[in-house]
Amino acid sequence: MATEGADAGGGAGRGPGDGLVLAFDTASETIALAVGRWSPGGGGAPSEDAGAPATAPAMPATGALRLLASDDRAAPRQANVRLMPSIAALFEQNGLSRDDVSCVVCGLGPGSFTGVRICVATAKGIARGLGAPLFGASTLEAVAWGAWLAGVRGNVGVVADAMRGEVYPLRFLLDDAEVRPLDPHTVAKADEAAARWREAGDDLLLLGDGLRKHAEAFAPPGGGRLAIGDAALWTPTGAGLLRAFEAACAEGREGSGEAGVLLPLYTRLSDAEENERRRLAAGGQIAQGALAEVPRSGIADPARSEEVAYRPMAAGDLEQVCALEAACFPAGASTSGERWSLGMFADDLVRDDRIWWTAFRGDVLVGFAGGQMTEDGLQVLDVAVDEAERRSGIAKGLLARLLDDAAGLGAQAAALELRSSNTGAHALYASLGFGRAGVRPAYYAPLGGEGPREDAVLMTMPLAEGAWRSRPTAAAGGARGGAAPVVLAIETSCDETAAAVIEGTGRILSDVVASQVDFHARFGGVVPEIASRKHTEAIVGVVDAALEEAGVAGWEGLDALAVTYAPGLIGALVVGVAFAKGLSWATGLPLVRVNHLEGHIYANRMGDDPPSPPFVIALLSGGHTMLVHVRGWGDYRLLGQTLDDAVGEAFDKVAKALGLGYPGGPAIARLAAHGDPHAFDFPRALLHSHDYRFSLSGLKTAVISFIRAEQGAGRALRLPDIAASFQQAVFDVQVAKALAALEETGCATFCIGGGVAANRALRDAYRAAMEPRGIRVTSPPVHACTDNAAMIACVALDRFRAGSLMGLDDDAQAHSPIAAA
């Protein structure tokens, strides 16, 4: 552990605040951690245009970043467990106060996706809690600056491990004054990157954890101009990260300082998106059932062909694309300055540095947009919307997806050019955050071929500001009444980023949800990597919106924080837990951990006439199917659960096979309402097993096999009857086992929880079977059936009062039994 006395690096620079700078990185298997201080008189510290929030400390005119303490340690797969305790210990052991932190700096990667998100989410929590600006720095630059501090000079190649035989390669020139990147951030196969560097013919000292797997590819035995450097310099250090940040400040590229808009540096899309684009570019089809556009409000109507669906451009779309291009643009009138041909589109579609999106209404193309990734960011190439569809938000929808992809690939800015006479387009781009940057005189040929040439207006926007992203939606809350305690809860277990505030009386003051359903719809289900990325983007805005809705003006208005820690998608949970732990440390507020399944039990307390234990509850969702005996709030006995698929998962897969889109539950339910539930006799697995186990896999397979057989025989699918018969088979087993559980336990109340509880037909089936037997049936309000933070807040209130808290060394868990809640 280093202590005060070492300079983090020389040179004039810009950096926020005259207090402490907390910097850390977890993109590799090492936690790199350091604290520095801006000291007047030693070089330049950034001026106020660095963009710190109004609540951040004022930025001095001059200063130098000096290392006070650091702690770099190996922590393979332990970053979320060890990062916050390491930060707390570093401050305590060196007599430092978190109240003196004037800015936070985190490593943005590239590196391990999960490691990068732990770092960024933790940093967002700390920065938001302290009211300090948050900045990011490249992990690869931190490695290079670490080598610079160790005295290395000359050409250096940093090779970070990207898994799957790939690396993040980046060359630098290190001289006595600076570390200068020679390449953009990218990802490449290790042997291809090594071959390019060898062909360049330069002497190159190799560093980076990618050499543990690929040293021979880059520097094979027998010499060459590429040499392996000291392994002690392969991973980032806290001091190197501080120095990389100071260098960024000196060059004016430190960013806005806004915690909500800082994004990891991934350099590539998720596997699902990359595979989809390759398939579509090669002439493949969009995934079956993925064309139904789902509004952000949550539920799509598969019968409405007028819904607009957005998806990446496919080779099979090109004829419609060319026709729309010709209809929208006279020769020379497009954004790129010329009308695109079929060959141009086909050549562009297969290029790795291009992004193309389409908008369809039914089978008809109504719009498309494309752009090129350059070293400077995204260059918008072409945007076209059918004349009859304009002013309906389609252009904004296309551009938002284009900008989202570009930001995810590391673009810092977007640019475009358009005719000076195209005032409608000027207004559209301005509404997304573009600003006028200049003019190219007489750039475009005249429309119609006659008259003077027309100026091109240049417009740009910084992608870090995230101006094109929509604000999360909030459920009705209420102004704070002053009762204590008041708890802020955070939920990120699957594909909804949510936050809620509850007061001591149990009244929900705010309940905010940012849904990701439209990002996952085209894949026919939740893609874990996309879910994790979207949580990282949305979490600050969601928390801020929840506090605003609740009328909580500062952290002193809260008594505790809470977060879902299990069960769920581990990558998604990690984001929420990392953010919450950082926020807890920064604010000093105690943190409560909540089991997601217990949240669904407590959701029944959100209705007008909540149940009292004991009761039996069926927890039914996309990830869970189980019967639980609730002997008291917090006292649970698991009676039985599914052996394979969950109910919600079975609904989604059958809906996909029927081409109904995602999410499948609402689509199946709407069709089933018009079908015969006894039209087809689908299996009811374990109906007579005399226990509480469930199995949905056989039913799902039987339905899908039936669909394929009907299609193979050339018979039209009776969609309503298939949906109704499938749904009835599910209900029969659920109801029968619930009745048996009530008889065994002697409970007179039955509850439903989870997303599937929103199915009205299921609730009616339970009531029809139970109410004649004198059993009361309750379910949460429909809006509380799906994932939300209000139900987590309800649990947290009880847990906080009982003194059950979460430590800084606790972590998320993909699986956790309800009995251990």
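Scroll up to find the structure this text is about.
Residues numbered from 1 in each chain as written. Predicted model: local features only at pLDDT ≥ 70, side-chain atom pairs only at ≥ 80, totals over all residues. Heavy atoms only, no water.

Asks: Is there a simple way to explain the packing of helix H16 (residues 647–657) against helix H18 (residues 697–712) in this structure?
Replies: Angle between the axes and distance between the axes are the two parameters that describe a pair of packed helices. Between H16 and H18, the least distance of the axes is 10 Å, while the angle of their chain directions is 5°. Regarding the angle of H16 to H18, the classification is roughly parallel. Of the residues in H18, those in contact with Lys653, Val654 and Ala657 of H16 are Lys700, Val703, Ile704 and Ile707. Here the residues of the contact of H16 with H18 are counted per class, giving five nonpolar, no polar and two charged. (Axes fitted to C-alpha atoms, helices over the stretch in contact; angles between N-to-C directions. Helix = DSSP H or I, 4+ residues; strand = E, 2+ residues; numbered from the N terminus. Parallel < 35°, antiparallel > 145°, perpendicular 65-115°, else oblique. Contact = heavy atoms within 4.5 Å. Nonpolar A, V, L, I, M, F, W, Y, C, P; charged D, E, K, R; others polar.)

Asks: Looking at this structure, how should I read the sheet that holds strand S26 (residues 615–620)?
Replies: The strands making up a sheet associate through backbone hydrogen bonding, with each pair oriented either parallel or antiparallel. The strand order S28-S27-S26-S29-S30 describes an open sheet built from five strands, whose pairing is mixed. In this open sheet, the two edge strands, each paired with only one partner strand, are strand S28 (635–641) and strand S30 (776–778). Ignoring which end each strand starts from, the neighbouring axes of this sheet average 25° apart. Where strand S27 (residues 625–632) and S28 come together, six bridges link them in antiparallel fashion. Paired with glycine 632 across the bridge in S28 is aspartate 635. Across the face of the sheet, helix H20 (residues 760–770) comes into contact with S26, strand S29 (749–753) and S30 while running at roughly 170° to S29. (Pairing = 2+ DSSP bridges.)

Asks: It is not clear to me how the nonpolar core should be interpreted in this structure. Could you clarify?
Replies: General note: in soluble globular proteins, nonpolar side chains tend to be found buried as a group. Core analysis: the largest hydrophobic core is formed by 70 residues, its most contacted members being Leu22, Phe24, Ile87, Leu488 and Leu558. Broken down by element, the residue count for this core peaks at ten residues, all from helix H14 (residues 570–587). (Core = buried A, V, L, I, M, F, W, Y, C linked by side-chain atoms within 4.5 Å. Buried < 20%, exposed > 50% of the residue type's maximum accessible area, 1.4 Å probe, protein only.)

Asks: Would you mind going over the pattern of salt bridges with me for this structure?
Replies: When their charged atoms lie close together, side chains carrying opposite charge are able to pair. For the coordinates displayed, the defined rule picks out 42 salt bridges. Among the ionic pairs, aspartate 405 bridges to arginine 277, the shortest N-O distance being 2.3 Å. Residue aspartate 405 is found in helix H10 (residues 394–408), and its partner arginine 277 is found in helix H7 (residues 271–281); the two are separated by 128 residues along the sequence. The residues aspartate 405 and arginine 277 share a single accessibility class, namely buried. In this structure, glutamate 529 and arginine 533 form a salt bridge, with 2.7 Å as the shortest nitrogen-oxygen distance. Separated by four residues within a single helix, glutamate 529 and arginine 533 lie in helix H13 (residues 528–550), roughly one turn from each other. Like glutamate 529, the residue arginine 533 is buried in the burial classification. Overlapping salt bridges, with partners in common, bring together Arg164, Glu166, Arg268 and Asp271 in one network. (Salt bridge = Lys/Arg side-chain N within 4 Å of Asp/Glu carboxyl O.)

Asks: Hey, could you run me through helix H21 (residues 790–801) in this one?
Replies: Structurally, the α-helix is built with 3.6 residues per turn, so residues lying three or four positions apart point the same way. In a regular helix each residue adds 1.5 Å, so twelve residues correspond to 16 Å; H21 covers 17 Å between its end C-alpha atoms and thus fits that length. Counting buried positions along H21 yields nine of twelve residues, so the element is predominantly enclosed. Looking only at H21, the buried set comprises Ala790, Met791, Ile792, Ala793, Cys794, Val795, Ala796, Leu797 and Arg799. Close packing links the buried residues of H21 with strand S21 (487–491), strand S22 (496–502), strand S23 (508–515), strand S24 (560–566), strand S25 (591–595) and helix H15 (596–602). At the C-terminal side of H21, glycine 803 shows a positive phi close to 75°. (Expected span 1.5 Å × (residues − 1).)

Asks: In this structure, what is going on with H16? I would like to understand it.
Replies: Taking burial as the measure, the eleven residues of H16 include eight buried ones, the bulk of the element. What H16 keeps buried is the set Val647, Gly648, Ala650, Phe651, Asp652, Val654, Ala655 and Ala657.

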